[in-house]
Amino acid sequence: LSRYLQLHLRTPAPSPAARFAAVADPPAASQRPAVIVLNAGVLHRVGPHRLHVHLARRLAAAGFPSVRLDLSGIGDSRPIAGEQTFRASAVADVRTTMDHLAAEGHAGGFVLFGICSGADNAQATALADPRVLGVVLVDPAAYVTPRARLRRTMARIRREGLLRWLGRMLRGAQRRVARPASE
């Protein structure tokens, strides 16, 4: 456990807010990308079922510097006063962390890992900062496209058969038309 250390990251002046991160460094200096593990929703840096702890330690054992980050206002980090949106604040937190790690000699670039809203924050940061070499997105926001709707419909038709599917669609349409306007 001696290779695991904790450090406080400070935001650029004049904000007095502090970020908190647990850093797991590999035993020897590495030019590999540092992996920054972002909060999943309002969970602190330990992650769901201590997933982030186990992930960071395994990454460090494999030679990848890793950071479990508490975003502002989550876990041990104080909230930032101001009018920033949660997304803008999250991107600023991650970029501040990258700045700090780069100043400490972790210059191999960064890979961001996030679950759910952490995935959304990782993606937003990757779009805003060219130092991000990659992202690992688990359960990010996904939007249904017309092509996805078509694939789902075709799968149902194959499963049910065309005539049965058409009959079900027609019965549903009849029920919708027959409903009173007050519903």
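In case you missed it, the structure is sitting above this.
In this text the structure is predicted, and so the values were computed from the model without any measurement. Residue indices follow the written sequence of each chain, beginning from 1 at its first position. Selection of residues for local features in this predicted model requires a pLDDT of at least 70, selection of side-chain atom pairs for listing and counting requires 80 or more, and totals for whole chains, interfaces and linings are taken over all residues. Only hydrogens and water are set aside when side-chain values are computed; all heavy atoms of the structure are taken into account.

J.: Please provide a residue-by-residue account of unusual backbone geometry, values included.
T.: A positive phi angle, near 60 degrees, is found at Cys-116, a position not held by glycine. By the secondary structure assignment, Cys-116 is in the loop between strand S5 (110–115) and helix H3 (117–128). Relative accessibility under 20% of the residue-type maximum defines a buried residue, over 50% an exposed one, and the middle range a partly exposed one, all with a 1.4 Å probe and only protein chains included. By relative accessible area, Cys-116 is classed as partly exposed at 39%. One non-glycine residue with positive phi stands out, namely Asp-139, at about 55 degrees. Among the structural elements, Asp-139 can be located in the loop between strand S6 (132–138) and helix H4 (146–160). Strands here mean DSSP runs of E at least two residues long; helices mean DSSP runs of H or I at least four residues long; both are numbered from the N terminus.

J.: So what's going on with a positive patch on the surface? Which residues, and what values?
T.: Grouping into patches uses exposed residues only, defined as over 30% relative accessible area, and leaves out salt-bridged ones; the cut-off is 9 Å for like charges and 5 Å for nonpolar side chains (Val, Leu, Ile, Met, Phe, Trp, Tyr). In these tables, accessible area is a Shrake-Rupley quantity obtained with a 1.4 Å probe, and a residue counts as shielded only by the protein chains included in the view. Only one rule defines a salt bridge in this text: a Lys or Arg side-chain nitrogen within 4 Å of an Asp or Glu carboxyl oxygen. His is not counted, nor are the chain ends, whereas Lys and Arg count as positive and Asp and Glu as negative. Charge positions come from single atoms, namely NZ of Lys, CZ of Arg, CG of Asp or CD of Glu. Together, Arg-149, Arg-152, Arg-156 and Arg-159 line one region of the surface with positive charge. Along the chain, Arg-149 falls in helix H4.

J.: With reference to specific residues and values, describe the nonpolar core.
T.: It is characteristic of soluble globular proteins that their nonpolar side chains tend to be buried jointly. Among buried residues, those of type Ala, Val, Leu, Ile, Met, Phe, Trp, Tyr and Cys that are joined through side-chain atoms within 4.5 Å constitute a nonpolar core. Core analysis: the biggest nonpolar cluster contains 15 residues, and Ile-36, Leu-69 and Val-94 have the highest contact counts within it. Ranked by residue count, the leading element in this core is helix H2 (residues 86–103), at four residues. With residues near it in sequence (within four places) discarded, Ile-36 still touches Val-67, Leu-69, Val-94, Thr-97, Met-98, Leu-101, Phe-110, Val-111, Leu-112 and Phe-113. If you look at the next biggest cluster of nonpolar residues, it comprises seven residues, including Val-35, Val-37, Val-111 and Phe-113. Any two residues whose heavy atoms approach within 4.5 Å are treated as being in contact.

J.: Explain the pairing of strand S3 (residues 34–37) residue by residue, including any values.
T.: Of the two faces of S3, the one holding Ala-34 and Ile-36 and the one holding Val-35 and Val-37 are both buried throughout. Here a strand pair is declared whenever DSSP counts at least two bridges between the two strands. Relative to S5, S3 runs parallel, the two sharing four bridges. Bridge pairing links Ile-36 to Leu-112 in S5. Summarising the sheet, S3 and strand S4 (residues 66–70) pair through three bridges and their orientation is parallel.

J.: Hey, could you go over the pattern of salt bridges for me, with residue numbers and the actual values?
T.: Counted by the stated rule, this structure contains four salt bridges. Residue Asp-129 is joined to Arg-95 by a salt bridge in which the shortest nitrogen-to-oxygen separation is 2.9 Å. Taken together, the positions of Asp-129 in the loop between H3 and S6 and Arg-95 in helix H2 put the pair 34 residues apart, joining distant regions of the chain. With its nearest N and O atoms 2.8 Å apart, the salt bridge here joins Asp-99 to Arg-131. You can see Asp-99 sitting in helix H2 and its partner Arg-131 sitting in the loop between H3 and S6, a full 32 residues away along the chain. Several salt bridges share partner residues, and in doing so they unite Arg-95, Asp-99, Asp-129 and Arg-131 into one network.

J.: An account of the packing of aromatic side chains is requested, with residue identities and associated values reported.
T.: Stacked, tilted and edge-to-face are the three classes applied to pairs of Phe, Tyr and Trp rings, where Trp contributes its six-membered ring and a pair requires centres within 6.5 Å; stacked means planes under 30 degrees apart, edge-to-face means over 60, and tilted covers the rest. Tallying each qualifying case throughout the model produces zero aromatic pairs. Cation placement over rings: the criterion is NZ of Lys or CZ of Arg within 6 Å of the ring centroid and within 35° of the ring normal. The ring of Phe-64 has Arg-32 lying over it, and the distance from NZ or CZ to the ring centre is 4.6 Å.

J.: Describe the pairing of S4, listing the residues and the values that go with them.
T.: With five of its five residues buried, S4 lies for the most part within the structure. Along S4, one buried face is formed by Ser-66, Arg-68 and Asp-70 and the opposite face, lined by Val-67 and Leu-69, is buried too.

J.: Any details on the packing of H2 against H3? Residues and values, ideally.
T.: Only the stretch in contact is used when a helix axis is fitted, and all axes are lines through C-alpha atoms; the angle between N-to-C directions ranges over 0 to 180 degrees. Running from N to C, H2 and H3 point in directions that differ by 65 degrees, and their axes come no closer than 9 Å. As judged from the angle between their axes, H2 and H3 are roughly perpendicular. Handedness of the H2/H3 crossing: right-handed. Along its contact with H2, which presents Phe-86, Arg-87, Ala-90, Val-91, Val-94, Arg-95 and Met-98, the element H3 presents Ser-117, Asp-120, Asn-121, Ala-124, Thr-125 and Ala-128. Reported orientations rely on four angle classes, namely roughly parallel under 35 degrees, roughly antiparallel over 145, roughly perpendicular from 65 to 115, and oblique for the rest. Take the far helix as your reference; a near helix turned counterclockwise from it by less than a right angle gives a left-handed crossing, and one turned clockwise gives a right-handed crossing.

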